[in-house]
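# Fold and contact review
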Amino acid sequence: MAAEQSSIHGLWRNRWLFILAATGSAVGLGNIWKFPYITGENGGGAFVLVYLFCICLIGLPVMVAEVMLGRAGRQSPINTMTAVAKDLRLHRDWAGIGWMGAIAGFLILSFYSVIAGWALSYIFKMGGGAFEGATAESSGEIFGALLANPGELLTWHTIFMVLTIAVVARGVNAGLEKAIRILMPLLFVLLIMLLGYALSTDGFDQGFSFLFNFDASKLTGESVVVALGHAFFTLSLGLGAIMAYGAYMPSDVSIGKTVLAVGVLDTVVALAAGLAIFPIVFANGMEPGAGPGLLFQTLPLAFSQMPAGTVFGTLFFILVAFAAWSSSISLAEPVVAWAVESKGVSRIKAGAWVGFSAWILGIGTVLSFNHWSDVTFMGKTFFDSLDFLTANIMLPLGGLMIAVFVGWKMKEADVMAEVKMSNPVLFEAWRLILKYVAPVGIAFVLWNGLQ
Ligand code: PHE
């Protein structure tokens, strides 16, 4: 096995900085925007339960494997997979895990930036008082007007993409690490405040039971696919983002505990977002299944009814934008790191190319909400199709291959030495999950749900 102690891109200074970076990657639009709206679309409690199940039983074990692979290879996911496979004298096609991941990351980045752009625009809408005295109707209208305006969407998409690439081009340590350290805790505080507000509305009980009441009749094959896909999406798994971050992890850190911390934080933020949003939905007679606009229509309403709501609301969308920012850099990192290693280009050049191409593709997402809203493929717009293809198919497949690779192809002794799990029972359980539970579970869900 490669026993590199360092990577050409640098290392996190300690375990906490890895946790911070990985949490920055994991906690993003997936938690605050996507989780509530897909929960709404998929009927609530049963979906949430399946999602939690997927996180614990498949997500976290695969995350440990992915971080471990990254640290064993110490390069971009594509080159890490090539190197580790070569060490084990396996076919170089295993590098396909890295390639598929890099492509998925690139595709996600293209639409992620558009949605993050919504949050950016909301900073100014909120700050400018657009939502003062808002009603469910007026807040829906403001959101509708944003979607109907491709020029505005494109502007914010452009700004967000530039912000993302500016950080990736500099390397991660220098910029974002510091900001996240302050901003993430602040995001938590604001979410708790919103929760407090939600608790005081009439809709709290209804919102709570919507999230946590298990009604199996609401589950369809597709909603299980969406739950599994979201477990991957929210943990940033299956595409090499976490592998790339693992490559910069100091050698002596125990991976299991670290990953657990990231998983718990990520889940708490998602549940808090759900608990803050659904009571507002019910108290105002809104639709839980409203789709991607859910967050952008409910929260302004909540803030408009709170004292100093304009200030807090503005702050909240700033934090959403930051959470998205710290995630989007990890989407670009695998491709950029690969270009630096293999094409000998500078980070700046690599970043510019990746950013520019993802920006172009993002125009398709911009148009899906207006001019192309009727252009559908199997009932899905361009944005919906990209989202479905990446989160629900590519990421779980990436996870499946990672599980098979670590579970079946790597030598147990090597795995044990790299992962540094001190508890032998846990180690064995983890290996069994990677060998059987994760691959079979993922294959089963995909096979059933995609018929
Ligand atoms: N986990 C991020 C979120 O929840 C999205 C993401 C997916 C980031 C995959 C990196 C890789 O918003």
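Remember, it's a predicted structure, so these values are computed and weren't measured experimentally.

## Quick notes on the overall build of the protein chain
A tally of helices and strands in the protein chain yields 18 helices and zero strands. Here the protein chain holds 451 residues, and the buried ones make up 61% of them. A separation of at least 24 residues holds for 84% of the contacts in the protein chain among residues at least 6 apart in sequence. Accessible area of the protein chain: about 17000 Å², with a carbon and sulfur share of 67%. Taken together, the 23 basic and 26 acidic charged side chains of the protein chain have centroids lying 15 Å from each other.

## Examining the site of the ligand
Lining the immediate surroundings of the ligand are 15 residues, of which Ala 26, Gly 30, Tyr 112, Phe 233 and Ser 236 lie closest. Taking Asn 31, its side chain carries an N or O atom lying 3.3 Å from an oxygen atom of the ligand. Here an oxygen atom of the ligand sits 2.5 Å away from a polar atom, N or O, in the side chain of Tyr 112. The protein chains hide 100% of the 320 Å² of surface that the ligand would expose on its own. Partitioning the shell around the ligand into residue classes produces seven nonpolar, eight polar and no charged.

## Things to note about the packing of aromatic side chains
Following the criterion strictly, the structure yields 28 aromatic pairs and no others. Plain terms: the ring middles of Trp 94 and Phe 405 are 5.0 Å apart, the flat faces sit at 65 degrees to each other, and that makes the pair edge-to-face. Here Trp 94, found in the loop between helix H4 (77-87) and helix H5 (96-127), pairs with Phe 405, found in helix H16 (residues 382-409); they are 311 residues apart in sequence, far enough to count as distant. Looking at Trp 94, the relative accessible area reads 18%, which means it is buried. Classification of Phe 405 as buried rests on a relative accessible area of 0%. An angle of 20 degrees between the planes, with centres 5.4 Å apart, marks the rings of Phe 124 and Trp 156 as stacked.

## Notes on the pattern of salt bridges
Overall, the coordinates contain seven salt bridges when judged by the stated rule. A salt bridge links Arg 347 to Glu 333; the nearest nitrogen and oxygen atoms lie 2.8 Å apart. On the criterion of sequence distance, the pair formed by Arg 347 in helix H15 (residues 347-368) and Glu 333 in helix H14 (residues 309-342) is long-range, its members being 14 residues apart. A residue is classified by how much of its surface remains accessible, and Glu 333, at 1% relative accessible area, is buried. Of the charged contacts in the structure, one is a salt bridge between Arg 431 and Glu 412, with a shortest N-O distance of 3.8 Å. Of this pair, Arg 431 sits in helix H18 (residues 424-449) while Glu 412 sits in helix H17 (residues 412-419), placing them 19 residues apart in sequence. Classification of Arg 431 by relative accessible area gives buried; the value is 6%.

## Some details on the nonpolar core
Residues Leu 69, Trp 118, Phe 405, Val 406 and Trp 430 are the most contacted members of the largest nonpolar core, which totals 165 residues. Ignoring sequence-local partners within four residues, the contact set of Val 406 consists of Ala 65, Met 68, Leu 69, Val 415, Trp 430, Arg 431 and Leu 434.

## Examining unusual backbone geometry
Glycine aside, negative phi is the norm for most residues, and most peptide bonds take the trans geometry. In this structure, Arg 74 takes a positive phi of about 60 degrees despite not being glycine. Relative to the elements of secondary structure, Arg 74 occurs in the loop between helix H3 (45-73) and H4. A positive phi angle, close to 55 degrees, is found at Lys 420, a residue other than glycine. Note on placement: Lys 420 falls in the loop between H17 and H18.

## A word on the environment of Phe 303
Within the secondary structure, Phe 303 sits in helix H13 (residues 294-304). For Phe 303, a relative accessible area of 1% gives the class buried. Taking the C-alpha atoms as reference, Phe 303 lies 9.1 Å from Ala 134; in sequence the two are 169 residues apart. When neighbours within four sequence positions are excluded, Phe 303 is seen to be in contact with Met 126, Leu 194, Gly 309, Phe 312, Gly 313 and Phe 316.

## Examining the state of the cysteines
Counting across every chain of the model gives zero disulfides. Cysteine Cys 56 remains unbridged, with the sulfur of Cys 54 as its closest cysteine sulfur at 9.5 Å. Given a relative accessible area of 51%, Cys 56 falls into the exposed group.

## Remarks on a nonpolar patch on the surface
On the surface, Phe 53, Leu 57, Trp 408, Leu 432, Tyr 436 and Val 437 cluster together into a nonpolar patch covering about 590 Å² of accessible area. Elements supplying a minimum of two residues to the nonpolar patch: H3 and H18. Here Trp 408 shows up in helix H16.

## Quick notes on H3
Here H3 is 29 residues long and its end C-alpha atoms lie 40 Å apart, about the 42 Å a rise of 1.5 Å per residue gives. Just downstream of H3 lies Arg 74, where phi reads positive at about 60 degrees.

Basis of the calculations
- Residues numbered from 1 in each chain as written.
- Predicted model: local features only at pLDDT ≥ 70, side-chain atom pairs only at ≥ 80, totals over all residues.
- Heavy atoms only, no water.
- Helix = DSSP H or I, 4+ residues; strand = E, 2+ residues; numbered from the N terminus.
- Buried < 20%, exposed > 50% of the residue type's maximum accessible area, 1.4 Å probe, protein only.
- Contact = heavy atoms within 4.5 Å.
- Areas by Shrake-Rupley, 256 points an atom, 1.4 Å probe, with all protein chains shown as cover.
- Lys, Arg positive; Asp, Glu negative; His and termini not counted.
- Charge placed at Lys NZ, Arg CZ, Asp CG, Glu CD.
- Near = heavy atom within 4 Å.
- Polar contact = N/O pair within 3.5 Å; in protein donor to acceptor, adjacent residues only side chain to side chain.
- Nonpolar A, V, L, I, M, F, W, Y, C, P; charged D, E, K, R; others polar.
- Phe/Tyr/Trp six-rings, centres within 6.5 Å; stacked < 30°, edge-to-face > 60°.
- Salt bridge = Lys/Arg side-chain N within 4 Å of Asp/Glu carboxyl O.
- Core = buried A, V, L, I, M, F, W, Y, C linked by side-chain atoms within 4.5 Å.
- Disulfide = S-S within 2.5 Å.
- Patch = residues over 30% accessible without salt bridge, like charges linked within 9 Å, V, L, I, M, F, W, Y side chains within 5 Å.
- Expected span 1.5 Å × (residues − 1).

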